[in-house]
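Overview (structure and organization)
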Amino acid sequence: MATITIDEKKITVDETTTIFNSAKQNEIFIPHYCYHPGLSVAGNCRLCMVEIKGISKPQISCATQVKDGMEIFTKSEMIVKARISVLEFLLLNHPIDCPICDQAGECKLQDFYMDYGLHSSRFKLEDKIKKRKAIDIGKNIILDTERCILCSRCVRFCREISKTNEIGIFDRNVHSEIGTFNETKIDNLYSGNLVDICPVGAFTDKNFRFQCRVWFLKKGNSICPGCSRGCNIEIHYTYDARCTKDKKRIYRIKPRFNETINKWWICDIGRYGFDFVDSDTRILSPEVRVGRSLMAKIEWDEALIKIKDEFKEIINEYGKDSIGVLLSAQLSNEDLSQANELFVKELGIKNISSIGRYDGLKDDFLIMEDKNPNSNGIKNLGLNKIPIDEMLKMINSDKIKCLYIAESNFQDKFSEKDVKVFSNLKLFIYQGTNKNFISEYANYLLPASTWVEYSGTFTNFEGKIQKFDEVLEPLAESKPHSQIFNDFINK
Amino acid sequence: MNEVSALGGVNPIGGVSAKQIRLILTKNIEIENYKNIDVYVKYGGYSAVKKALGEYSPEKIVDEVKKSNLRGRGGAGFPTGMKWSFVPKNNEEKFLCVNADEGEPGSFKDRLIMEKNPHLLIEGIIISCYAIGINTAYVYIRGEYLESRDVFLKAVEEAKAKKLLGKNILGRNFSLDIIIVAGAGAYVCGEETGLIESIEGKKGWPRIRPPFPAIKGLFQKPTVVNNVETIANIPWIILNSGEKFANFGTSKNGGTKLYTVSGHVKNPGVFELPIGTSLREIIYTYCNGIRDDKKLKAVIPGGLSAPVLKADEIDVAMDFDSLAKIGSMLGSGGIIVMDENTNIVEVMKTTAEFYAHESCGQCTPCREGTEWMRKIIDRIYNKSTKEDDLNLLLEITDNIIGRTICPLGDAASMPIKAFITKFRDEIEKWLQ
């Protein structure tokens, strides 16, 4: 252990800790660019300099280990001036893109200039070096080399985290530029993290570019429903009319730090997989089939009563075993618990299967083969009573007369060929978030809320139960699955 | 102390210019084909290797080098024996990197050794590696030194053929391979960790320290990086003792030094003299004074990164400590002499252009600062600015010095600072 003082505050830390982390552990903030806790130390921005008693030159805190008795100053006159000098150097050739740069409002150059700089420019505009801008460098990101402060976080990310090594720094001295080797594109499944870690607007998200100013965005905590890992995420949304275009409420998804599950990162599939929430295909109200291709809107109460009645009829005529229930592994524990109450405990139905997404893509980093956030939820309640193939056989052989599907978003276990036979069902209730080729065959459509529109829990692949918050209001007349099941029980 | 008087230097392009006595590094180099191993051996070559491997333990050699007060000849002047002793004493694989990048403007001494006395360098490498426990030595030669590379490569092949390199040298349990690596035109690859990164096949970006190369260097193994001239002194130390080497110089600075003199002197060249010889003596005695008998205006004593000296500052001993005391540095001993007709502003311009071009771009102060200085000095040269820019330049140098990953930032800033401080009147007059 080492006892040191930082800004005259005495603290004790492990002697292998850096000055930067010792400060961080004690809520002392040191401005920095190139340092990132998830990446190796580069020590090139020089902004994190601190003054150490007995050493005439300032030292970078990110790479300097503490020594017992060290006296450190983060706000001395020397450091105040040193920070201004670094900011001055970085701003010399930095383009004044703020009015059109997505990063404005969460840009570390802006923030640290306001907190530590506030100096006037001494640089002549005609001396300014221009570099390549708005380069399409990958499927999700755009690179602006002129804005880049060459902190090398992106280079280290591609080397150490995605391990795809696409990015290098080319050329020398002040003409150094971020780029890819042989003009290849950044094609890995973690490219969106580059936008997170870039302190400035050098990397911007194609998906988010020019969409919304960040100060209009609100944040909510959630869990990614993209696979069984359950990475922790933040939903960034707004209802502000100045931003919302085409009914869009969610503007982007960002990672939320979790020490064991996903650290600082998420994959691109989860990051960009929220279009369905405000898509035109959302089911907005209960609907009933009135013609071959015609559905009519009905009220919830009417829907619930009608469905219950038709259910009773089928049970009376064909028995309980003629009912098939498919529950998606994308439903929350609370949804599944209520489904259990309704279908198993109250109605005594045996033919229940679980469905979900299983596209098989996985890697040795974050992406799991099981593409459903709550397979363990299904397992723990024993709701996969018969395998799905058996269920499909029973539907094909007309043993199942009535099918109830409850799912979120779209699952790919069935092909278009499989579901043709659904047209033979006496009763098909589709309770879901979006219309799709399966819901085309339904007699009743019940609008379910997407996971961001209600709170609940998922149990991830390791058995961790994680809560996701209600971030958005349920769209139109949609309700959480648990609510719908509950209404069936109580009506 | 002056056992030697070497009149006239060695013109590396044209050959010798006057009769003289050569001592440690330039001994015998006028002998025809001295770079051939048979000639070298005929005149006593490789006897140091035989003595070192036959009579000395590795520890004793390190001790001898410490006693010699040999300080790094690449520019930093770090005590060589001490540097060697930082390497952990275990059986871990270790490396020697011989720095033959010679990037410092004004310095052309290492090429002399490689082209005219390559076997001396090989001898030094063998003894050094034996002393530190190294089996692979890399010699990093700057890309532009084509002849050095060819001559040295041939010499290595000759040494291998005579079993002075390879397995079990001289029948002892010591093996050594020398690998030559060519640079590709970057000054920053002469910085020790820039050099290491370059040998590893990467961009020559210097590393943050700690860890130092002695602990984690080439391929993350303990590494010693030494300049060509430094290593070339080792054989003489073995044959004559560290103490005798120390006696050549001044306190804490041992041996002789290769002073390269260029610029406005009658007799430019490479001069081997006892370290600590006075600068005035070098210029007026050995170089025969200023050409056309003009007046002296300024001297850069140790390569372009050494702060300039005015004409009244040349009564200084050319060793590491004496020059440091007056605010300059011995560096690589690259002396650039400027007469009264020199435009100091033009000198500043060339200096600033060099460092702005060579900055690797890794860290903020050097990358942005060197280019900014270049632009300002360009404006000063074109007389399109006011004197305020001089104060701005001084501030920029203060914001770079000591705040960078490697000393290139210092090297770029200290000369500019010195020019402005010592020749401010001339610069302000130029601007009027």
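Residues numbered from 1 in each chain as written. Chains lettered and ligands numbered in written order. Predicted model: local features only at pLDDT ≥ 70, side-chain atom pairs only at ≥ 80, totals over all residues. Heavy atoms only, no water.

**Points about the overall build of chain B**
What counts here: Each helix corresponds to a stretch of at least 4 residues labelled H or I by DSSP, and each strand to a stretch of at least 2 residues labelled E; elements are numbered beginning at the N terminus. As defined in this context, the radius of gyration uses C-alpha atoms, and a globule is described by 2.2 Å times the residue total to the power 0.38. Contact definition: two residues touch when any of their heavy atoms are within 4.5 Å. Shrake-Rupley sampling with a 1.4 Å probe provides the accessible areas, and residues are treated as covered by the protein chains on show and by no other component. We count Lys and Arg on the positive side and Asp and Glu on the negative side, and we leave His and both chain ends out. Each charge is placed at NZ for Lys, CZ for Arg, CG for Asp and CD for Glu.
When helices and strands are counted, chain B shows 18 helices and 11 strands. The globule rule puts the C-alpha radius of gyration for 432 residues at 22 Å, and the 21 Å found for chain B is close to it. Structurally, chain B occupies a C-alpha span of about 75 × 45 × 35 Å along its principal axes. Taking contacts inside chain B between residues at least 6 apart in sequence as the whole, the part at least 24 apart equals 69%. Here chain B displays about 16400 Å² of accessible surface, and carbon together with sulfur accounts for 50% of that area. Seen as two clouds, the 55 positive and the 54 negative side-chain charges of chain B have centres 3 Å apart.

**A closer look at the overall build of chain A**
What chain A contains, in helices and strands, is 12 helices and 22 strands. Seen through its C-alpha atoms, chain A measures out along the principal axes to roughly 90 × 50 × 40 Å. Long-range contacts, defined here as pairs at least 24 residues apart, represent 66% of the contacts in chain A between residues at least 6 apart. As displayed, chain A offers around 21400 Å² of accessible surface, 51% of which is attributable to carbon and sulfur atoms.

**Description of the packing of aromatic side chains**
Remark: the centre distance and the inter-plane angle together describe each pair of aromatic rings, the angle taken between the planes. How we decide: Pairing of aromatic rings covers Phe, Tyr and Trp, the last counted by its six-membered ring, and requires centre-to-centre distances within 6.5 Å; plane angles under 30 degrees mean stacked, over 60 mean edge-to-face, and any other angle means tilted. To sort residues, take the accessible area from a 1.4 Å probe on protein chains only and compare it with the maximum for the residue type: under 20% means buried, over 50% means exposed, and anything in between is partly exposed. The criterion is that NZ of a Lys, or CZ of an Arg, lies within 6 Å of the ring centre and within 35 degrees of the ring normal, and then a charge sits over that ring.
Summed over the entire model, instances satisfying the criterion amount to 36 aromatic pairs over all chains. Measuring from ring centre to ring centre gives 6.3 Å for Phe89(A) and Trp372(B), while their planes differ by 85 degrees; the resulting arrangement is edge-to-face. With Phe89(A) in helix α2 (residues 77–92) and Trp372(B) in helix α15 (residues 364–381), the pair connects residues from two separate chains. Taken individually, Phe89(A) and Trp372(B) each receive the classification buried, so the pair is uniform in this respect. Note on Phe422(A) and Phe428(A): the rings are 5.3 Å apart at their centroids and 80 degrees apart in plane angle, and the pair reads as edge-to-face. These aromatic residues form a ring-pair network of at least three members: Phe311(A), Phe343(A), Tyr404(A), Phe485(A) and Phe488(A). Here the basic side chain of Lys479(A) rests over the ring of Trp300(A), its NZ or CZ set 4.5 Å away from the ring centre.

**With respect to the state of the cysteines**
Operational definition: Disulfides are defined as pairs of cysteine sulfur atoms found within 2.5 Å of each other.
By the definition in use, this model includes zero disulfides over all chains. In this model Cys129(B) remains outside any disulfide bridge; the closest cysteine sulfur is found in Cys97(B), 9.8 Å from its own.

**With respect to the layout of surface pockets**
Residue and element names in this part refer to chain A. Formally: Every definition here rests on a 1 Å grid over the protein atoms only: cavities are sets of points where a 1.4 Å probe fits but cannot get out, pockets are open sets enclosed by protein on both sides within 12 Å along at least five of seven lines, and lining residues have some atom within 4 Å of a point. Grid points are joined across faces, edges and corners, and a volume is the space filled by probe spheres set on the points. Under the grouping applied here, Gly and all other residues not named as nonpolar or charged are polar, the nonpolar ones being Ala, Val, Leu, Ile, Met, Phe, Trp, Tyr, Cys and Pro and the charged ones Asp, Glu, Lys and Arg.
Here the second largest pocket defines a volume of roughly 1200 Å³. Around the second largest pocket sit 46 residues that line it, and His36, Lys108, Arg153, Asp196 and Ile197 are the ones nearest its centre. At the level of elements, α1 (19–25), α3 (108–117), α5 (192–197), β10 (203–205), β11 (218–223), β12 (232–237) and β13 (250–255) are the ones that each hand at least two residues to the lining of the second largest pocket. Of all the elements, β13 adds the most residues to the lining of the second largest pocket, at five residues. Considered class by class, the residues forming the lining of the second largest pocket number 23 nonpolar, seven polar and 16 charged.

**Some thoughts on the nonpolar core**
The test is simple: Among buried residues, those of type Ala, Val, Leu, Ile, Met, Phe, Trp, Tyr and Cys that are joined through side-chain atoms within 4.5 Å constitute a nonpolar core.
Counting 139 residues, the largest nonpolar core has Tyr33(A), Ile178(A), Leu194(A) and Phe203(A) as the members making the most contacts within it. Those residues within four positions of Ile178(A) in sequence are excluded, and the remaining contacts are Arg132(A), Leu143(A), Thr145(A), Cys148(A), Leu150(A), Cys154(A), Val155(A), Ile167(A), Gly168(A), Ile169(A), Phe170(A) and Phe203(A). Within the second largest apolar cluster, 65 residues are counted, among which are Ile29(B), Tyr40(B), Leu53(B) and Tyr56(B).

**As for the sheet that holds strand β6 (residues 223–227) of chain B**
Residues and elements named next belong to chain B. Here is the rule: Paired strands, as defined in this entry, are two strands with at least two bridges between them according to DSSP. Whenever a helix is involved, its axis is fitted only over the stretch in contact; in every case the axis is a line through C-alpha atoms, and angles between N-to-C directions fall within 0 to 180 degrees.
Spatially, β5-β4-β3-β6 is the arrangement adopted by the four strands of the open sheet, whose pairing is parallel. Each of the sheet's edge strands pairs with one partner strand only, and the pair in question is β5 (177–182) and β6. Sheet twist, expressed as the mean angle between neighbouring strand axes with direction ignored, is 20 degrees. Alignment of strand β3 (residues 95–100) against β6, held across five bridges, turns out to be parallel. Bridge pairing in β6 links leucine 96 to valine 224. Contacting β3, β4 (136–141), β5 and β6, helix α6 (residues 118–132) runs over the sheet at an angle of about 150 degrees to β3.

**Let's talk about the interface of chain B and chain A**
Our working rule: Simply put, the buried area is the total loss of 1.4 Å probe accessible area from both parts when two parts are fitted together. What counts as a salt bridge is simple: a side-chain nitrogen of Lys or Arg found within 4 Å of a carboxyl oxygen of Asp or Glu.
Taken together, the contact pairs 31 residues of chain B with 33 residues of chain A. Interface of chain B and chain A: buried area, both sides summed, is about 2700 Å²; carbon and sulfur atoms make up 55% of it. On the chain B side of the interface with chain A, the three residues burying the most area are Arg367(B), Trp372(B) and Arg403(B), jointly 24% of the side's total. Summed over the shared surface of chain B and chain A, the result is three salt bridges. Put simply, Asp127(A) and Arg379(B) hold a salt bridge, and the shortest N to O gap is 2.8 Å. For the side of chain B that touches chain A, the element with the highest residue contribution is α15(B), accounting for nine residues. Counted by class, the side of chain B that touches chain A contains 12 nonpolar, 10 polar and nine charged residues.

**What about unusual backbone geometry?**
In the segment running from Arg209(B) into Pro210(B), the intervening peptide bond is cis, with an omega of 5 degrees. With respect to the helices, strands and loops of the structure, Pro210(B) is situated in the loop between α8 (192–199) and β6. With an omega of 5 degrees, the peptide bond between Pro210(B) and Pro211(B) qualifies as cis. Within the secondary structure layout, Pro211(B) lies in the loop between α8 and β6. For Asn165(A), which is not glycine, the phi dihedral falls at a positive 50 degrees. By the secondary structure assignment, Asn165(A) is in the loop between α4 (153–160) and β8 (167–170). Judged by its relative accessible area of 45%, Asn165(A) falls in the partly exposed class. Unusually for a residue other than glycine, Phe219(B) sits at a positive phi of about 50 degrees. Within the element layout of this structure, Phe219(B) appears in the loop between α8 and β6. Overall, the relative accessible area of 40% leaves Phe219(B) in the partly exposed class.

**Considerations on the side chain of Glu358(B)**
Inspection of the secondary structure assignment puts Glu358(B) in helix α14 (residues 344–358). For Glu358(B), the residues in contact, after removing those within four places along its chain, are Arg172(A), Gly185(B), Ala186(B), Tyr187(B), Val188(B) and Leu408(B).

**Here's the deal with helix α3 (residues 58–67) of chain B**
Residues spaced three or four apart along an α-helix face the same direction, because each turn holds 3.6 residues. Residue and element names in this part refer to chain B. Our working definition: Taken from the helix axis, the directions to the C-beta atoms give the arc we talk about.
Looking only at α3, the buried set comprises Ile61, Val62, Glu64 and Val65. Buried residues of α3, seen end-on, are gathered within an arc of 160 degrees and therefore sit on one face of the element. Positive backbone phi, approximately 60 degrees, marks asparagine 69, located one or two places after α3.

**Structural notes on the pairing of strand β19 (residues 427–432) of chain A**
Residue and element names in this part refer to chain A. In terms of burial, β19 is largely enclosed, as six of its six residues are buried. Neither face of β19 is left uncovered, since the one carrying Leu427, Ile429 and Gln431 and the one carrying Phe428, Tyr430 and Gly432 both have all their residues buried. Summarising the sheet, strand β18 (residues 402–406) and β19 pair through five bridges and their orientation is parallel. Paired with cysteine 402 across the strands is leucine 427, a residue of β19. The sheet contact formed by β19 and strand β20 (residues 444–447) spans four bridges and is parallel. Within the sheet, the bridge partner assigned to isoleucine 429 lies in β20 and is tyrosine 444.

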